[in-house]
Amino acid sequence: MNIALLLLFLVFCKGSHTSGFITNVTTRPDVLNIGSMFTFDSVIGKIAKLAITLAVEDVNSNPNILNGTKLSLKMHNTKSSDFLGIVEALQFMENDTVAIIGPQFSATAHVISHIANELQVPLLSFAATDPTLSPVQFPFFVRTTRSDLFQMTAVADLVFHYQWRDVIAIYVDDDFGRNAIASLGDKLAEKRCKISYKVPLTPTATKDEIRKALISVSTMESRILILHIYTSWGLQVLEEAQEQKMMDSGYVWIATDWFSTILDTDPSLPLVQTNNIQGVLTLRMYTPDSQLKTEFKSRWSNLTRARRLLNNTSFGLNTYGLYAYDSVLLLAQAIESFFAIGWNISFSNDTNLRELSGGKLNLDALNIFNGGRQLLKSILEVNTTGLTGPIKFDADGNLLNPAFEVINVIGTGTRTIGYWSNSSGLNVLPPEKLQMKMQTNGSNAGTQKLYSVIWPGQTTEKPRGWVFPYNGRKLRIGVPHGVSYPEFVGIKGTDFSGYCIEVFQAALNELPYGVPYKYVPFGDGIKNPENNDLLHRVQIGEFDGVVGAITITTNRTKMVDFTQPYIESGLVVVAPIRKMDSSAWAFLRPFTPMMWGVTGVFFLVVGTVVWILERRTNEDFRGPPKRQFVTIVWFSFSTLFFSQKEKTGSTLGRFVVIIWLFVVLILNSSYTASLTSILTVEQLSSPVKGIESLVTGTEPIGYQRGSFAEAYLTDELNIHHSRLVALNSPEDYEKALKKGPSAGGVAAVIDERAYMELFLSSRCGYSIVGQEFTKMGWGFAFSRDSPLAIDMSTAILKLSENGNLQKIHDKWLMKSACSVEGAKQAVDRLQLKSFWGLFLLSGIACFLALLLYVLRMVRQYYRHADSDIECSQSIGRLKSFVSFVNKREQEVKSSSKRRRTDNKSSNKIVHRQECSSDGLDES
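Calculation criteria
Residues numbered from 1 in each chain as written. Predicted model: local features only at pLDDT ≥ 70, side-chain atom pairs only at ≥ 80, totals over all residues. Heavy atoms only, no water. Helix = DSSP H or I, 4+ residues; strand = E, 2+ residues; numbered from the N terminus. Buried < 20%, exposed > 50% of the residue type's maximum accessible area, 1.4 Å probe, protein only. Contact = heavy atoms within 4.5 Å. Areas by Shrake-Rupley, 256 points an atom, 1.4 Å probe, with all protein chains shown as cover. Core = buried A, V, L, I, M, F, W, Y, C linked by side-chain atoms within 4.5 Å. Patch = residues over 30% accessible without salt bridge, like charges linked within 9 Å, V, L, I, M, F, W, Y side chains within 5 Å. Salt bridge = Lys/Arg side-chain N within 4 Å of Asp/Glu carboxyl O. pLDDT = per-residue confidence, 0-100. Pairing = 2+ DSSP bridges. Axes fitted to C-alpha atoms, helices over the stretch in contact; angles between N-to-C directions. Polar contact = N/O pair within 3.5 Å; in protein donor to acceptor, adjacent residues only side chain to side chain. Phe/Tyr/Trp six-rings, centres within 6.5 Å; stacked < 30°, edge-to-face > 60°. Lys NZ or Arg CZ within 6 Å of the ring centre and 35° of its normal. Parallel < 35°, antiparallel > 145°, perpendicular 65-115°, else oblique. Left-handed = near helix turned anticlockwise from the far one by under 90°. Nonpolar A, V, L, I, M, F, W, Y, C, P; charged D, E, K, R; others polar. Arc of directions from axis to C-beta.

### Notes on the overall build of the chain
Assigned secondary structure in the chain consists of 31 helices and 34 strands. Within the chain, the fraction of its 923 residues that count as buried is 48%. Considering only intrachain contacts with a sequence separation of at least 6, the fraction spanning at least 24 residues in the chain is 74%. With an accessible surface of roughly 46700 Å², the chain has 55% of that area assigned to carbon and sulfur atoms.

Have a look at this one:
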């Protein structure tokens, strides 16, 4: 390569060039010189040689293509040498060659493209697939095959389809391999996948070098192997992989189209080689079936049959042979277009080479093709159909509609499991059929991407894609060794226990494979370690993962990969609380004094209105004034219980009563609901109302040392760091809360809900105040891009679905000393002190009613008692009083009336007697 670059430096110089004297001017010549350069004895070259020869023969035998002009083809064998490629390219330029079919290798194309640019001779390469061979840098390089950019996009889609994340790339260490793998890395990154390990092999790799490379690969974590190498020694890699037991179950081999080229060229591989390639996936450039292609394949079979029998060599037609044939056809049609618009074939000396003339290199013979730019334009404007399908270039100089077949090696043959196209991705339908179906059915063209695959090891189960490296080392799982909450993580010597530990072990048991691991404590056990420091140890590779109460935050996800949260736990505020004792007059609290007053007034107003509306027509509302007043009061207040006995007869009266009863119903329901809430819901009071009052206040606030709460309070809520007090254990929480801010304690503690619920389960003098003001969760942390994070997330979801996660939670975190449910039950039982005021009112009313009743009875007794009972006879008088009270009031009234009548009669008789006696005395 150094010799080639030196030669280029001597021959070419940068800068604009101008044409010198024009030589060899012809209109439409009888013969046109074209060249072709590739490696004749390679898998691609031997097929391309015959295909190009047949194409030139077909063009020359068809007068409709070039109208009598013949193509004179001269082939050079580069023998896989870039230097020979340069020399042969210069030889073509000495012979007024208008175009070159080739080169085969990308490294050679990079070099001689500079020659083509200088002398304006188009290069039509049917095999140089390096994606960096762009028309911007090499305008005279025309790729007549598919770029590896599209092939690597197909590989990335395969990896993403099977939900793998890491791959290992084994590739040839030259322009062809390096640039293609770079494109693969970019495409994988777009799908959040990556190449975790690269294995470059020299273009002339030996068996020993291949063995060493594969041994290093076998110690890696990923089992997805991308193989992008040359056809000349590609099978040696697979053979060595078989010897290293790397073709067994669990491995995935994805070979680029070099492998399908070998299979197409030599479909009858020896049985030994066939055993080495079982389960391999490979890609083949897709060429749609057509009558033209079918006829050519039949012709090819007839031509190569005798050669196969004579030389015992394989001459199966591969896709590169098809593209080589179409390259000649494409060039012929472009030349015809070139002549059709009036251009001539002419060459001129390069003025940049005059200073170098006269030497033995014969540089004077190198001429510029004056019509090179126009011929290049004609090539890029061709729109025809060849063996490979439609031939047309896009604006970037690539053939339109790139597509690949996805092939699975099974037994002694292959099976196409699907197709990839740049427009529709993976699908089981060929691109043209898929396009027709999409046009017919809209965007709904089926969801099946690929058919089933038989993987290495003769299994149909999709490989996981990674294993733990076989280096004898267990995973190092960091565990925070602190002093708080051993219920979550407890460490005693070599014994690790707690809620987080048990969830981790249960999730590991759900994995379909074993995980060798060991716990490594982090911290001194005297104070809580910083979780960010622990995660940093994972980031630098000291730990492989972390198990503990690790909150998932945005900044932490930049350091490690977290699993699915196994517990929800946001920040809450815990402060001392004081229970509000229930008052004897609690039944008055549902309504304000104003409400009570307005309600009472409306009772009287409605009674008065109904009395006015009913008194003239309703006897119930008539009578003496005293009776009518009592009726008004009774009627209005009895509506409170819907027990009024007075009937309303007028329409207006009924209307007023209906509206009022509706109002009373609402008042009654509201009162009942409010009173129920007051009496059954625990009434707690705290000077701290929530995070808002803490933010605006000045009191000190406690937090758990090592928690993310410190950064959240200072960075997000702008609380000054001087107000924050770091606490280590629940005992420290309680001591600081008891002291309070005035005695050197704290006004409240801010920590995660899971911690605080455990803290409050045995401490009833504190409570969560306000709302939870963050929504976060705890997860297990692993190194970036670790596939274990995904599998553990799936395992955690399984634990949640089958209920085991809740069982572990109840085992470690459910406490009964001061649980919320117990507190609720205690509050729900109503006590006498909440109602003694009501009983007092009722007792006073009863006492007053009885007192008035007794006074009334005594008064009536003295008015209506019998006069024949002596006052001194107290016992008799008491019996008489009891007998009087026991009588019906009507009887008492009748007796009194009768007594009054008798008294009047007796008085009259006495008066008469007295009058009679007076008369006798006078006489």
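### Some words on the side chain of threonine 145
Mapped onto the secondary structure, threonine 145 falls in the loop between β6 (141-143) and α6 (148-161). What makes threonine 145 buried here is its relative accessible area of 2%. Apart from residues lying up to four places away in sequence, threonine 145 is in contact with Ser125, Phe126, Ala127, Ala128, Thr129, Met285, Tyr320, Tyr323 and Leu399.

### Topic: the nonpolar core
Note that soluble globular proteins tend to have their nonpolar side chains buried in a common cluster. Ranked by internal contacts, the top residues of the largest apolar core, which has 107 residues, are Leu71, Val98, Phe126, Leu184 and Ile254. Leu508, Tyr766, Ile796 and Leu799 belong to the second-largest nonpolar core, a separate cluster that totals 53 residues.

### With respect to a nonpolar patch on the surface
Taken together, the side chains of Phe655, Ile658, Ile659, Phe662, Val663, Leu665 and Ile666 present a nonpolar region at the surface, about 680 Å² in accessible area. Inspection of the secondary structure puts isoleucine 658 in helix α21 (residues 651-680). For isoleucine 658, a relative accessible area of 56% corresponds to the exposed category.

### Some points on the confidence of the model for the chain
Within the chain, residue pLDDT values average 82, and 79% of them lie at 70 or more. Counting interchain partners and residues more than four positions distant, the pLDDT-below-50 stretch residues 1-22 has 43 contacts. Of the regions scoring below 50 in pLDDT, residues 867-872 engages in four contacts with residues more than four places distant in sequence or in other chains.

### Things to note about the sheet that holds strand β9 (residues 224-228)
With mixed pairing, the eight strands of this open sheet are ordered in space as β8-β7-β9-β10-β11-β16-β17-β18. Edge strands, defined here as strands with exactly one partner in the open sheet, are β8 (194-201) and β18 (425-427). Across the sheet, the mean angle from the axis of one strand to that of its neighbour is 25°, orientation sign disregarded. Pairing of strand β10 (residues 252-255) with strand β11 (residues 281-285), which is carried by two bridges, proceeds in the parallel orientation. Bridging across to β11, isoleucine 254 finds its partner in leucine 281. The sheet contacts of helix α8 (residues 207-218) involve β7 (166-172), β8, β9 and β10, and relative to β8 the element is tilted by about 165°.

### Side note on the sheet that holds strand β2 (residues 31-38)
The strand order across the open sheet built from five strands is β3-β2-β4-β5-β6, with neighbouring strands paired in parallel fashion. Two strands lie at the open edges of the sheet, namely β3 (70-77) and β6, each paired on one side alone. Strand-to-strand, the axes of this sheet are offset by a mean angle of 25°, without reference to chain direction. Pairing of β2 with strand β4 (residues 99-101), which is carried by three bridges, proceeds in the parallel orientation. Across the sheet, the residue bridging to glycine 35 is isoleucine 100, located in β4. Those strands touched by helix α5 (residues 106-119) are β2, β5 (123-125) and β6, and its axis lies near 155° from that of β5. Packed onto the sheet, helix α13 (residues 319-340) meets β2, β3, β4 and β5 and runs at close to 165° relative to β4.

### Notes on the side chain of threonine 287
Within the secondary structure layout, threonine 287 lies in the loop between β11 and α12 (291-311). A polar atom in the side chain of threonine 287 sits 2.7 Å from the side chain of lysine 293. If sequence neighbours within four positions are ignored, threonine 287 has contacts with Lys293, Leu322, Tyr323, Leu387 and Thr388.

### A look at the packing of aromatic side chains
Within the structure shown, the criterion is met by 35 aromatic pairs. With 5.1 Å between their ring centres and 80° between their planes, tyrosine 162 and tryptophan 455 make a pair best called edge-to-face. Placement of the pair is tyrosine 162 in the loop between α6 and β7 and tryptophan 455 in the loop between α15 (431-441) and β19 (475-480), with a sequence separation of 293 residues. The residues tyrosine 162 and tryptophan 455 share a single accessibility class, namely buried. Positioned above the aromatic ring of phenylalanine 40, the side-chain terminus of lysine 49 is 4.4 Å from the ring centre. Over the ring of phenylalanine 160 we find lysine 191, and its NZ or CZ is 5.2 Å from the ring centre.

### Remarks on the pattern of salt bridges
Overall, the coordinates contain 22 salt bridges when judged by the stated rule. The partner of glutamate 190 in a salt bridge is lysine 187, with the nearest N and O atoms 3.9 Å apart. On the criterion of helical spacing, the pair formed by glutamate 190 and lysine 187 is a turn pair, its members being three residues apart in helix α7 (residues 175-190). Looking at glutamate 190, the relative accessible area reads 59%, which means it is exposed. Among the ionic pairs, glutamate 772 bridges to arginine 753, the shortest N-O distance being 2.8 Å. With glutamate 772 in the loop between β32 (766-769) and β33 (777-778) and arginine 753 in helix α25 (residues 753-760), this pair connects stretches of sequence that are 19 residues apart. In this structure arginine 753 comes out as partly exposed when scored by relative accessible area, which is 23%. When salt bridges with common partners are traced through the structure, they connect Asp208, Arg211, Lys212 and Glu240 into a single cluster.

### What to know about the environment of valine 746
By the element assignment, valine 746 lies in the loop between α24 (730-739) and β31 (748-752). Linking valine 746 and isoleucine 701, residues 45 residues apart in sequence, is a C-alpha distance of 5.3 Å. Contacts of valine 746, omitting those with residues within four sequence positions, involve Pro700, Ile701, Gly702, Val725, Ala736, Leu737, Gly740 and Pro741.

### Some points on the packing of α8 against helix α9 (residues 234-243)
At their nearest, the axes of α8 and α9 sit 10 Å apart, and the two run at 55° to each other. Regarding the angle of α8 to α9, the classification is oblique. Regarding α8 and α9, the two cross each other, and that crossing is right-handed. Residues Lys207, Ile210, Arg211 and Leu214 of α8 pack against Gln236, Val237, Glu240, Ala241 and Glu243 of α9. Considering only residue class, the contact of α8 with α9 consists of four nonpolar, one polar and four charged.

### Quick look at helix α23 (residues 709-716)
If you check which residues of α23 are buried, you get Ala709, Tyr712 and Leu713. Mapping the buried residues of α23 onto a view down its axis gives an arc of 95°, with all of them on the same face. The secondary structure elements touched by the buried residues of α23 are β26 (571-576), β29 (701-704), β30 (724-727) and β31. Positive phi shows up at asparagine 718, right after α23, with a value of about 60°.

### Topic: unusual backbone geometry
In this structure, the amide linkage connecting glycine 102 to the following residue, proline 103, adopts the cis form with an omega of 0°. As for its placement among the helices and strands, proline 103 is situated in the loop between β4 and α5. Even without a glycine there, the phi angle at serine 80 is positive, about 60°. Relative to the elements of secondary structure, serine 80 occurs in the loop between β3 and α4 (82-94). On the basis of relative accessible area, serine 80 is assigned to the partly exposed category, the value being 48%. Positioned with a positive phi, aspartate 96 is a non-glycine residue whose angle comes to about 55°. Of note, aspartate 96 is situated in the loop between α4 and β4. Using a relative accessible area of 18% as the deciding quantity, one classes aspartate 96 as buried.

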